[in-house]
Amino acid sequence: MSLFDSLRFTRLIRLTFNTTSIDKLLQARIIFSRRGYSLYFTRGNKEAYEEDYSSDTAFLLTNAVRFIDKERIVRGAYFIEDTSLRIEALSESTDFPGMRVKEWFASTSFLELDEAIRKSGKRRSAIVKSDIALKLPNIFEPIFFHGETTGRVADTPPSFEQSAMYPWLSPMNFNGWFIPDGQIGIPKTLGEMEFEESMKYDFRAKSLSLLLDQYDRLNAAANISNNFVSNRSSNFRDSPQLELGLSKVPPIICVVGYKCSGKTTFAHIAQSVREIVHLEASTFFRNRISEEDLIITSEADTLRYMESAGYDAVARSMIEHIDSLSDRAIIITGFRTPEEILLLRKLYDNMIVVSVSADQRIRYERHIKRGRELDIDNYQRFKQNDVSHSLFGLVDVMDDVSDVSIGNDGTLQDYIRKVRDFVVNIDGAEMLPRPDVTRSEASRSLLALAEFDRPATCDEISAATDQGRLRIRKYNVNRALKSLPIFAHRVARKGQLLAYEKTDRTDAVIQLIEEAKEINRPSSRPG
């Protein structure tokens, strides 16, 4: 089954994670969103897990499921997860500390564990395991999924700081003591890895991935055409409608920005605050080219495809999926063209555009730290990637077409605070027309150029900017429009004054500039 089949489903089985751990919930939500799914949550009951640890994990999870069903804690499909640990030097026929890992870790120091392993004279190998029980309505027995990671206990105690964004990557749990096998280069503990790097080694990510594979199959079955389904004589009822608890339609938040500015991090922070579905535009793009049996290997290939398919092609692919999530708040990342934003602006009144920016050097340092795209291995290539990104048209005007601008040049903690403040207050935020004073010289020059149906000189464009406010000097008009060749075509003819004319993409960006709003007062903009 294709990774992107989930995007074709119009009917989705509502799935709830029953857990007492907010860290586990956040991790699961992020992993689900990467596959195009949202995840519901019910706070777990510790009584469900207060069972005999002498039995195996399947027995423990089965009894927990029985308790949840008996108490009617969750209705519909749900799953629970249990983590266990085997330290080889301290284990015999049964794992130690096994399913008691949380209690054991709370009462054990690294030095105590290190001394116990040394005294045993055995190796430092360990296995961390994650077991999931999926309970479906009308099926008595749960379905189990198992993921595990082999590795070893580190030789020294952790000295790194907890991830502010991904709290399970921490020196304060066993992830900070555990070095997974299979790493290339200097080995790291699981806790000190970057999020993307950790996905390859994380035991819980493995079990969640297996669960998602099954969830894909279940949703595929739920979307089978009625032509291929026969009915028995039964009394079925539709599921109850979800109660939103919100007085307004949940927002669709579109986050735009350059590489490593913090777009995906924005989505992950937001998901730690409230239930939000994260849709990544690149997922829908890959789905399109897969269906069309195309091979795209470069930014230039992508741009050529958009020129032929339409600059809003990816957004068009997302509409049906967005409509199916009308009762949920949505974050969209990865858009590159103004046409994509404009299409959704026209369709959804609850659309909010957020631009995220950071200094280029800071973004490059983040890119190197993530270590994902090995071909962009120096600053010059990173800058060239920015140039390639700008050819799609959106990033150079993102602050002028956005409703909110957030700066991400500071610490991660500062960024988390800004995003959380925005997400917490977004439902009650008032949308006001954007005052002209917030528009840049580039956007004002484009608005002036749009008044001409012919090539206009910089003097003429400058004069058109003088509408009850300070005129933009012709030299600044030239500088501004020269930086936006996608929207302003430079006309230089011998014996004539330098002029600019509209392109076939100018109207889209003009509409976006004119429709941009402000959240509350302009002075309250985050960042």
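Residues numbered from 1 in each chain as written. Predicted model: local features only at pLDDT ≥ 70, side-chain atom pairs only at ≥ 80, totals over all residues. Heavy atoms only, no water.

(A) Representation of the sheet that holds strand β15 (residues 488-491) within the structure. If you walk across this open sheet you meet the 3 strands as β14-β16-β15, and the pairing is antiparallel. At either margin of the open sheet sits one strand with a lone partner, and together these are β14 (456-457) and β15. In this sheet, strand β16 (residues 499-502) lies alongside β14 in antiparallel orientation, the contact comprising 2 bridges. What sits directly across from T457, in β16, is A499. (Pairing = 2+ DSSP bridges. Helix = DSSP H or I, 4+ residues; strand = E, 2+ residues; numbered from the N terminus.)

(B) Geometry of the nonpolar core. Core analysis: the largest hydrophobic core is formed by 58 residues, its most contacted members being L279, I322, I332, F335, I341, L446 and I461. In this structure I332 touches I252, I253, C254, V255, L279, M318, I322 and L344, once residues within four positions along its chain are discounted. With 29 residues, the next largest nonpolar core counts W168, F266, A270 and I519 among its residues. (Core = buried A, V, L, I, M, F, W, Y, C linked by side-chain atoms within 4.5 Å. Buried < 20%, exposed > 50% of the residue type's maximum accessible area, 1.4 Å probe, protein only. Contact = heavy atoms within 4.5 Å.)

(C) Summary view of helix α2 (residues 57-70). Across its 14 residues, α2 extends 20 Å between first and last C-alpha, which sits within 8% of the 20 Å expected from 1.5 Å per residue. Regarding α2, the residues found buried are T57, L60, L61, T62, A64, V65, F67 and I68. Contact partners of the buried residues in α2: β1 (15-19), β3 (77-87), β5 (125-135) and β6 (143-153). (Expected span 1.5 Å × (residues − 1).)

(D) Structural detail: the side chain of T57. Looking at where T57 falls in the secondary structure, it is placed in helix α2. Classification of T57 as buried rests on a relative accessible area of 13%. Excluding anything up to four places from it in sequence, T57 contacts D82, S84, M99 and D131.

(E) A look at a nonpolar patch on the surface. A contiguous nonpolar patch, built from I224, F228 and V229 and spanning about 320 Å² of accessible area, is present on the exposed surface. Locating F228 in the fold gives a position in the loop between α6 (203-222) and β8 (252-256). Overall, F228 belongs to the exposed group, its relative accessible area being 69%. (Patch = residues over 30% accessible without salt bridge, like charges linked within 9 Å, V, L, I, M, F, W, Y side chains within 5 Å. Areas by Shrake-Rupley, 256 points an atom, 1.4 Å probe, with all protein chains shown as cover. Salt bridge = Lys/Arg side-chain N within 4 Å of Asp/Glu carboxyl O.)

(F) The pattern of salt bridges, seen in detail. By the definition in use, this model includes 32 salt bridges. The partner of R35 in a salt bridge is D216, and the shortest N-O contact between them spans 2.9 Å. Of the two residues, R35 sits in the loop between α1 (22-33) and β2 (40-43) while D216 sits in helix α6, which places them 181 residues apart along the sequence. As far as the burial class goes, R35 and D216 line up, both buried.

(G) Quick look at the packing of helix α16 (residues 441-449) against helix α18 (residues 474-482). For the pair α16 and α18, interaxial distance at closest approach is 9 Å and the crossing angle is 95 degrees. With respect to each other, α16 and α18 are oriented roughly perpendicular. Residues E441, A442, S445 and L446 of α16 pack against N476, V477, R479, A480 and L481 of α18. The residue makeup of the contact of α16 with α18, split by class, is 5 nonpolar, 2 polar and 2 charged. (Axes fitted to C-alpha atoms, helices over the stretch in contact; angles between N-to-C directions. Parallel < 35°, antiparallel > 145°, perpendicular 65-115°, else oblique. Nonpolar A, V, L, I, M, F, W, Y, C, P; charged D, E, K, R; others polar.)

(H) Geometry of empty space enclosed by the protein. Per the stated rule, a full pass over the model turns up 2 cavities of 30 Å³ or more. Quantified by volume, the largest cavity comes out at close to 50 Å³. Around the largest cavity sit R29, Y37, S38, L39, Q271, E275, I276, V277 and R328, which together line it. Of the residues that constitute the lining of the largest cavity, the class distribution is 4 nonpolar, 2 polar and 3 charged. (1 Å grid on protein atoms, 1.4 Å probe; cavity = no way out; pocket = protein on both sides within 12 Å on 5 of 7 lines; lining within 4 Å. Points joined across faces, edges and corners; volume = space filled by probe spheres on them.)

(I) Structural detail: the sheet that holds strand β10 (residues 329-333). The strand order across the open sheet formed by 5 strands is β9-β10-β8-β11-β12, and the pairing between neighbours is parallel. The open sheet has two free edges, formed respectively by β9 (276-280) and β12 (404-407), since each of these has just one partner strand. Shown here is a sheet whose adjacent strand axes are inclined to one another by a mean of 25 degrees, direction ignored. As paired elements, β9 and β10 share 5 bridges and run parallel to each other. For I276, the partnering residue across the bridge sits in β10 and is A329. Sheet contacts for helix α8 (residues 281-291): β9 and β10; angle to β9, the most-contacted strand, approximately 50 degrees.

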